Structures are given as C-alpha cells and as structure tokens.
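# Structural overview
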Amino acid sequence: MLFVTPWLITFLWFTLGPFIASIFLSFTNYRFIGLPEWVGLNNYVRLFTDDAKFIRSVINTLYYTAVHVPGIMIMAFFVAILLNQKVKGQPIYRTAFYLPSVTAGVATAYLWILLLQPNGLVNQFLGLVGIDGPNWLTSSTWAMPALILMSFWGLGTTMIIYLAALQGIPQHLYEAASVDGAGVIRKMWHVTVPMMTPAIFLTAVLQIIGSWQVFTQALIVTNGGPRDSTLFILLHLYRTGFEYFQMGYASAIAWVLFVIILVFTILQFGVARRWVYYEGSTER
Amino acid sequence: MRSTSVRVLRALTRALFYLLLIGGSIMYAIPFIYMVRWSFMTTSQVYDPDLFWPFPPAWENYTYVWQHHPVPWWLFNSFIVTFIGVTVGTFVSCVVAYGFARLEFPGNRVIFMVLLSTMMLPLHVTIIPVVIIFRDLGWLDTLWPLIVPGLGGGAFYIFILRQFFMTIPIELDEAARTDGASRLGILFRVILPLSRPAIATVAALAFIGNWNDFFLPLIVLNSPDRITLPVGLRYFAAGQYMEQQHTLQMAVAMISVMPIIVVFFFAQRQFVRGITLTGIKG
C-alpha cells in the first residue's frame, strides 16, 4: 500500500477532488474572485439555447473529426503498407514519416503558418499540379481544411501502430490465401484488413478522443477564426474560463466535453464486437 | 511475350512503389528543411525568390534571440520541468507500478481500475478547479504546477511498467527474499535491472510529454522570464517584442524542436516500442 501512496495522493489532490469540484462549479457563477454563486441549471440551459459559439464549436469539432479521423487512418494505413516492404534505407523513410508526430506542438504550428501563406510551400506545391491554392488562413471556408491538412503531417503514431500490427500477421495466412488463388487485392481485403481490425479500432478510439482535444493548432495557427470557422470546443472552454474568467460556465463546457468523449468511447466499444477480430496471439 | 509483359509490369510497380516511398518521405521532411532554412536567413533573403539556401548561414538570428529575449530562461524552465518529470516521475512510477504488480493489499484491484479510468479523463475537464487549487497554493506563475502533479507518477507510465513487471517470473522475487532481500531490495536488485526497456520507454514518453506541454503552462505561467519554451514562442510571435520576423521566430522554433530530435535519434527504439506496446499516444 505504501508503494502506491504517491500516486494516490496526487490522484486525490489533482484529479478526484477537482473532478468533483468541477461538477459543483458547473452549477454556479464564479469569476475567480469572490464566492461561487449557485445558479442551478442556468449554465447548461445557456450552453444549448443561448451560445451560438458553443454550438458552432461542437459543429466545427464534428467536421474536423469526420474528415481528420478517416483521412489520417487511411493515409497511415497506406504508409504502413509501404514501409512494411523490404527496402533499403527503411529506417530513414520510417523516421521521415514518424518524426513530425513527435515534434508536434507550438513550434511546428508556427512553421505551418508560414507554409500555408498564399505564396507558401503548400500553394507552390499545388501550383506544380496546376491548382491555384486558396488563401488558407484568411478564408473561413479553407481554414478548417488547412488544419486538417496539417494534422495529416502527424500520422506517425497511427502509422507505427499499424506497422506493428502488420508485422504481427502470421505469414502462413498469406501462403494459405495464395494456395486458394487469392491475388494481391483479395489478400489485402481478406487477410490483412481483418487481422488489423484491433489496431484499426485502437487508433479510431485514440484519434476521435484526440479530435475533441484539439487546442494548440486552433489557438496558434488560426486563433479560432476566421469568423469562428476553426473555433474548437476546447478553445471555447479556454477563452471562457481563462480570458473571460467565467469559470462556472467554463466548467459546464468541460462537463459537456467529458460526456461527449465518454459517449463516443462507449459507443465505439459497443459496436467493436461486430467488426473487431481478436485472435489469442494478437498484441495487446 | 507474356513473361516480358509481366516483367515490365513488375518493374513499373516497383518504380511506382519507390516513387511513393521516397516522394512521401521528402514531402514529410520538407517542412523541417524549411524551418532550418528560414532560421538561417536574413530578413531580406526571405523575400528573395531566387535564393533557396542561405550561405553563409545567418547565425546572428540565434545570437540575437538568445541575447535580446528571455530565450535562455525559457530553455532553462523547460529543462527543469522536463528533467524532474523524467527522473523523479519515472522513478516514482516504477515504485507505484511495483506496488500494483507485486503487493497484495486491500483494494489493489479497485485502485488499479481507478488508475486505468483516469487515463480516459483529460486534464481539460478538471482544469478550472485545478487552476483554483494552484492559485490557493500561491503557485500561479511558478513552475510548481508543472512539476508537483507529476511527482506521484503518471497513470500511463504506471500502467506500462506494471504490465512489464507482471511478465517477470515471481520465482525471482522469492529467490531474492530467501536471500534476505527486503521489498525495496527486490525492486532495486531484481525488478528494475530486468525492466530497462520499459523504463527507457517511459522516460522517452515522459520527456516528450513534458517538453511539448502547452495547455497547462499557457494557463498558469505569465511573466516573460518564468514561462517555458512553447509558451515563449507564442509571446514572441504575438508581436510582444514589436517584431514579427519569421527568421527569428524560426530560430526559436529550432531551439525548441532540436532537443526532441536529438533525444529521438538516441531513443528511437524506445519511442516505437512505447507506442506499439501500449498503443497509447505520448
């Protein structure tokens, strides 16, 4: 028992206590000074009936999730297949694809501001294939696609999970499929994909949770704009709590965020049984 | 006839494969190359469309930000937080994980389930009361909020280490005990030496987590010489110092990214293994 006390102390102090306190605060008005004032369900009513920015932030986050999650999973899958072949210099390619996900943060967000300028690298590249790129960051239509594009640069973590799963597929399954006369495509669809479903499921859960926690890019690259087109729910929480100091109201946003993440995760585990294939020896 | 067309097709597939692999790698590396390039340019060179690589490199960008901005402080603060997070955080995580893996005490299972469920609870949900606690402790605008919560070990790290400790045969513990080793003795002389790969993985994840941390430092830190590098970068670009020069900004970005890249190249295996063993994003 003594061994686990350090964690128990920090858990009670910085997790469980605040968790309970945030439920209480979400039913109050609290402005960081003075005492919290009980307002009942007012904060929640205001969230859903009188806060266009909140509704907008939820829609924006859903938009991001709907494009980012399938997009990054397909791209990472594709890259993992490429990297799983025996080629010279494999560690170099792997590093190139993986490194951006380790360095993701404020520094690379500023880098992308420059890359996404009207005459920046992204548009120069599009120009090579004859596309006249938009002014990404000042257009309320293109700002969100710009953030999604940027998110694909960070496919490394997902890709590594797929790569490990690919390497865990027993070779004899492919041999058996060949004997049955399966070609490349059918092997992919009937052997690779079913054997990868645990990894695909895992990354789907992680990426969806991650999408609801997008913050750094939205604050640094677009600061929620233009015209709230990249206002994510967490950015809305941050501004409400730490720029306007409406901490009771921000706690209500935090709780809605928590419930959303919880519901998405439970839903995914609920439908997982229908499509995820678990073999005894599969990792994890 | 047929065999030549098959061979041509195969060669074409091979060529396409390398094109995708090499082309893709270059595309993923180019943003970094641009970061280096800009950090070594003078302001006028940025607007010269014919110049790709600046020669000689403008080292003065680095010396300028180092001397005219609190960059040394930012680096120092980031270093302190990361150093304590990696050393103490990893060590305490080992001790706690050992408790969960090997010791029978009432509520062991239940507390471990609680630990697992905290991994589902992002800091963002509890951030408001957490910041109020820091305020009441007088910790706002100090490094304590970034250090103290991690001193009890991180839930992810404890989970990884506990899973690894469970794979070590219990007979080794028993042998050590008959030789008169205490519980701590078993941890230090049996478990830890056998767990180097898992410990290295946790240390690598803790390094990245602490070094890249932005949300909490952004909220609790304020004074220009008390912030960490990621927050400092923001001050810099926000025109706080009356400058918006890309070159200086990219020099600071380089200073903040370089340690990660260096650590990554030394501990590449640990990163990859950390992700594949646990499936948890660092």
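### Regarding the interface of chain A and chain B
Each partner contributes residues to the interface: chain A has 57 residues there, and chain B has 61 residues. Looking at the side of chain A that touches chain B, the element that brings in the most residues is helix 1 (residues 5-25) of chain A, giving 12 residues. Tallied by class, residues from the side of chain A that touches chain B come to 44 nonpolar, 12 polar and 1 charged.

### Some remarks on helix 10 (residues 183-194) of chain B
Residue and element names in this part refer to chain B. For helix 10, spanning 12 residues, the distance from its first C-alpha to its last is 16 Å, which sits close to the expected 16 Å at 1.5 Å a residue. Within the sequence span of helix 10, burial applies to Ile186, Leu187 and Ile191. Buried residues of helix 10, seen end-on, are gathered within an arc of 95° and therefore sit on one face of the element. Elements that come into contact with the buried residues of helix 10 comprise helix 4 (71-102), helix 8 (155-166) and helix 9 (170-178).

### Considerations on the domain arrangement of chain B
Residue and element names in this part refer to chain B. As far as domains go, chain B holds domain 1 (2-60) and domain 2 (70-278). A separation of 35 Å is found between the C-alpha centroids of domain 1 and domain 2. Between domain 1 and domain 2, the residue contacts involve 9 residues of the former and 7 residues of the latter. Contributions of two or more residues to the side of domain 1 that touches domain 2 are made by helix 1 (2-39) and helix 2 (43-46). With 4 residues, helix 1 is the largest single contributor of residues to the side of domain 1 that touches domain 2.

### Side note on the packing of helix 10 (residues 184-211) of chain A against helix 13 (residues 247-275) of chain A
Residue and element names in this part refer to chain A. The geometry of helix 10 relative to helix 13 is characterised by a closest axis approach of 10 Å and an angle of 165° between their N-to-C directions. With respect to each other, helix 10 and helix 13 are oriented roughly antiparallel. By crossing handedness, the relation of helix 10 to helix 13 is classed as right-handed. Contacts between helix 10 and helix 13 pair Thr197, Phe201, Ala204, Val205, Ile208 and Ile209 from the former with Ile261, Phe264, Thr265, Gln268, Ala272 and Trp275 from the latter. Taken together, the residues that form the contact of helix 10 with helix 13 break down as 9 nonpolar, 3 polar and no charged.

### Some thoughts on unusual backbone geometry
At Phe245 of chain A, a residue that is not glycine, the phi angle is positive and equals roughly 55°. Relative to the elements of secondary structure, Phe245 of chain A occurs in the loop between helix 12 (233-242) and helix 13. Phi at Asp141 of chain B is positive, roughly 65°, even though this residue is not glycine. Tracing the chain through its elements places Asp141 of chain B in the loop between helix 6 (123-136) and helix 7 (144-147). The exposure class assigned to Asp141 of chain B is partly exposed, which follows from the 14 C-beta atoms found within 10 Å.

Reading guide: rules and limits
Residues take numbers from 1 onward in each chain, read along the sequence in its written order. Chain labels run from A onward and ligand labels from 1 onward, assigned in the order the entries are written. Per-residue local features are limited, in this predicted model, to residues with pLDDT of at least 70; the limit for side-chain atom pairs, both in listing and counting, is 80 or more; totals at the level of whole chains, interfaces and linings are taken over all residues. Contact criterion: two residues are in contact if their C-beta atoms, reconstructed from the backbone, are within 7 Å. Numbering of helices and strands runs from the N terminus, with a helix taken as a DSSP run of H or I at least four residues long and a strand as a DSSP run of E at least two residues long. The classification used treats Ala, Val, Leu, Ile, Met, Phe, Trp, Tyr, Cys and Pro as nonpolar, Asp, Glu, Lys and Arg as charged, and all other residues, Gly among them, as polar. Every helix has an expected span of 1.5 Å times one less than the residues it contains. In this scheme the burial state of a residue depends on its C-beta neighbours within 10 Å: 20 or more other such atoms mean buried, 12 or fewer mean exposed, and anything in between means partly exposed; the C-beta positions come from the backbone. By arc we mean the arc of the directions from the helix axis to the C-beta atoms, nothing more. These domain limits were set by an automatic method or by a database of domain assignments. Comment: axis = line fitted to C-alpha atoms, over the contacting stretch for helices; angle = value between 0 and 180 degrees taken between N-to-C directions. These descriptions rest on fixed angle ranges, namely under 35 degrees for roughly parallel, over 145 for roughly antiparallel, 65 to 115 for roughly perpendicular, and the rest for oblique. Whether a crossing is left-handed or right-handed is set by the direction in which the near helix is turned from the far one by less than a right angle, anticlockwise for left-handed and clockwise for right-handed.

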